[in-house]
Amino acid sequence: MSSAILRQASSVARAATRSCAFSTSAVARRDFVQELYLKELKSYKAPPPPKDAHVGVVKAYSLPPAPQAPALPADLASELSAYDAAEPTFAASAKPAESEESSGPTGADAFLAFLEADEPKAEAHH
């Protein structure tokens, strides 16, 4: 007897879920807002742009001036000979020669000596 009650309860439950789960009426499925929106979109006509809408927005194009060829000086040979005859100028040395001897070697020798030197041991603080 309990199995008959269970069968009857399950069939009632199946029928209830079928009828409540989906609404098949066409009225419930219509979306009035969407239809109104689509209708307005389809009926919209954009106003035509005026003929002189670009005036003041777009600049008139003008070609840049043609570049000029570089001109060589008339007395090129004399300028080249004056350049060859000129003495080169060197930058003044920053340190006097005496201070270099007292401070020891500089450059690559000093760097190699620095690398080979032992690191001082840190004193232990008590």
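No experiment lies behind these values; they were computed from the predicted model shown. (Residues numbered from 1 in each chain as written. Predicted model: local features only at pLDDT ≥ 70, side-chain atom pairs only at ≥ 80, totals over all residues. Heavy atoms only, no water.)

Undergrad: Could you give me a rundown of the overall build of the protein chain, with the residues and numbers involved?
TA: Looking only at helices and strands, one finds six helices and zero strands in the protein chain. Secondary structure elements of the protein chain, listed N to C terminal, follow the sequence α-α-α-α-α-α. Within the span of the protein chain, comprising 126 residues, buried residues form 0% of the whole. About 13,100 Å² of surface is accessible on the protein chain, with carbon and sulfur atoms providing 63% of the total. (Helix = DSSP H or I, 4+ residues; strand = E, 2+ residues; numbered from the N terminus. Buried < 20%, exposed > 50% of the residue type's maximum accessible area, 1.4 Å probe, protein only. Areas by Shrake-Rupley, 256 points an atom, 1.4 Å probe, with all protein chains shown as cover.)

Undergrad: Would you mind going over a nonpolar patch on the surface in detail, with residue names and values included?
TA: Together, Phe-111, Leu-112, Phe-114 and Leu-115 give the surface a local cluster of nonpolar side chains, amounting to about 460 Å² of exposed area. Note that Phe-114 resides in helix H6 (residues 108–116). Since its relative accessible area comes to 61%, Phe-114 is described here as exposed. (Patch = residues over 30% accessible without salt bridge, like charges linked within 9 Å, V, L, I, M, F, W, Y side chains within 5 Å. Salt bridge = Lys/Arg side-chain N within 4 Å of Asp/Glu carboxyl O.)

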